[in-house]
Amino acid sequence: LTSQQQEYLAWLLRTGENVLCDFVRCNFKIRDLYKVEPNAFLIHLYRSPAAVVSSHLLPSGDEKRWQWKLGNFLRRMTFWRRNIWYNYWHFEDIIDHVSRNLFKKYLEQVGLNPRVVTSLPAVGKLLAFWKINYETVERDGNHYFGNRFLSISFENFCKNPQKIIESIYNI
């Protein structure tokens, strides 16, 4: 987090007794979140790797035009071997240009060879990205927040939201 983001977050947390902040992709920000509010409760809501990969390679939509139908057909036919066209949220830029970004360092930290990962089809690259993000949040969340860290599968949450919400409130 930048210093401005940290200041803003600290201000937000002072605005009420119970404040909820939602972060998308907080994976490499947990230490900074802890610095801002070490007594916070961190909930990691994550999607399964298959759901994440599918959402990038098979974008949803029910467009009726023939171009959309053809695009969906091509996306499905090339799902396992596609190397391009998964740049939703700039993932191709993050994953494929390993020599110019931090992704290489993170791959090495989890024991993955960056050259091997970048030679994989998009499915493999996205799975490696998911693995790094998931393991980073699990490791850092437990390290910094301990028993104030809860990890919840989005799929399990969807199956029984009331039970999950009750467990959160109990904590």
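A.B. asks: Before we go on, may I ask you to explain the overall build of the protein chain in this structure?
C.D. replies: Each helix and strand counted, the protein chain has 10 helices and 2 strands in total. Start at the N end of the protein chain and walk to the C end: the helices and strands fall as α-α-β-α-α-α-α-α-α-β-α-α. Taken over 171 residues, the protein chain has a buried fraction of 30%. Within the protein chain, contacts between residues separated by at least 24 positions form 63% of all contacts whose residues are at least 6 apart in sequence. By element, 56% of the accessible surface of the protein chain is carried by carbon and sulfur atoms, the whole surface being about 11,600 Å².

A.B. asks: Can you help me understand the packing of helix α3 (residues 49-57) against helix α8 (residues 122-145) in this one?
C.D. replies: Interhelical geometry of α3 versus α8 gives an angle of 130° and a closest axis separation of 9 Å. Comparing the axis directions of α3 and α8 gives the class oblique. α8 is crossed by α3, and the crossing has right-handed handedness. In this structure, α3 uses P49, V52, V53, H56 and L57 to contact α8, whose residues at the interface are A122, V123, L126, L127 and W130. Taken together, the residues that form the contact of α3 with α8 break down as 9 nonpolar, 1 polar and no charged.

A.B. asks: Is there a simple way to explain the packing of aromatic side chains in this structure?
C.D. replies: The geometry of an aromatic ring pair comes down to the distance between the two centres and the angle between the two planes. If you walk through the whole model with that rule in mind, you get 7 aromatic pairs. Measuring from centroid to centroid gives 5.9 Å for Y8 and W11, while their planes differ by 20°, and the two rings are stacked. Taken together, the positions of Y8 and W11, both in helix α1 (residues 3-14) and 3 residues apart, correspond to about one turn of that helix.

A.B. asks: When you look at the confidence of the model for the protein chain in this model, what are you seeing that I'm missing?
C.D. replies: Low pLDDT marks stretches whose predicted atomic positions should not be read closely. When pLDDT is averaged across the protein chain, the result is 85; 89% of the residues are at 70 or more. At the level of individual helices and strands, the protein chain shows its lowest average pLDDT in helix α5 (residues 91-96), which scores 70, and its highest in helix α9 (residues 154-159), which scores 96.

A.B. asks: Sorry, what's going on with the environment of S3 here?
C.D. replies: Checked against the element boundaries, S3 lands in helix α1. Separated by 29 residues in the primary sequence, S3 and D32 place their C-alpha atoms 9.6 Å from one another.

A.B. asks: Can you help me understand the nonpolar core in this one?
C.D. replies: Nonpolar side chains tend to gather and get buried jointly when the protein is soluble and globular. Judged by nonpolar contacts, the single largest core of 15 residues is most densely connected at V53, L57, I95, F103, L107 and L126. Among the elements of the structure, α3, α5, α6 (103-109) and α8 are those that each provide at least two residues to this core. Residue contributions to this core peak at 6 residues, all from α8. Of all hydrophobic cores here, the second largest spans 9 residues; its members include L9, C26, L33 and L42.

The rules behind each value
- Every chain begins its residue count from 1, and numbering advances along the sequence as written.
- Confidence filtering applies because this is a predicted model: local features only for residues at pLDDT of at least 70, side-chain atom pairs given and counted only at 80 or more, and all residues used for totals across whole chains, interfaces and linings.
- Side-chain measures were taken over the full set of non-hydrogen atoms in the model, leaving aside hydrogen atoms and water.
- Put simply, DSSP H or I for four residues or longer makes a helix, DSSP E for two residues or longer makes a strand, and each gets a number counted from the N terminus.
- Relative accessible area decides the class of each residue, using a 1.4 Å probe on protein chains only: under 20% of the type maximum gives buried, over 50% gives exposed, and in between gives partly exposed.
- Whether two residues are in contact is decided by their heavy atoms: any pair within 4.5 Å suffices.
- Per-residue and other accessible areas follow the Shrake-Rupley method at a 1.4 Å probe size, with only the shown protein chains counted as cover for residues.
- Axis definition: a line fitted to C-alpha atoms, limited for helices to the stretch in contact. Angles are taken between N-to-C directions and run from 0 to 180 degrees.
- Should an angle lie under 35 degrees it is considered roughly parallel, over 145 roughly antiparallel, and from 65 to 115 roughly perpendicular; all remaining angles are considered oblique.
- By convention, the crossing between two helices is left-handed when the near helix turns anticlockwise from the far helix through less than a right angle, and right-handed when the turn is clockwise.
- As a working rule, the residues Ala, Val, Leu, Ile, Met, Phe, Trp, Tyr, Cys and Pro are called nonpolar, Asp, Glu, Lys and Arg charged, and the rest polar, with Gly in that last group.
- Only centres within 6.5 Å qualify two rings of Phe, Tyr or Trp (six-membered ring in Trp) as a pair; their planes then separate them into stacked at under 30 degrees, edge-to-face at over 60, and tilted for everything else.
- By definition, pLDDT measures how confident the predictor is in each residue, and it falls between 0 and 100.
- For our purposes a nonpolar core is just a set of buried Ala, Val, Leu, Ile, Met, Phe, Trp, Tyr and Cys residues, chained together by side-chain atoms within 4.5 Å.

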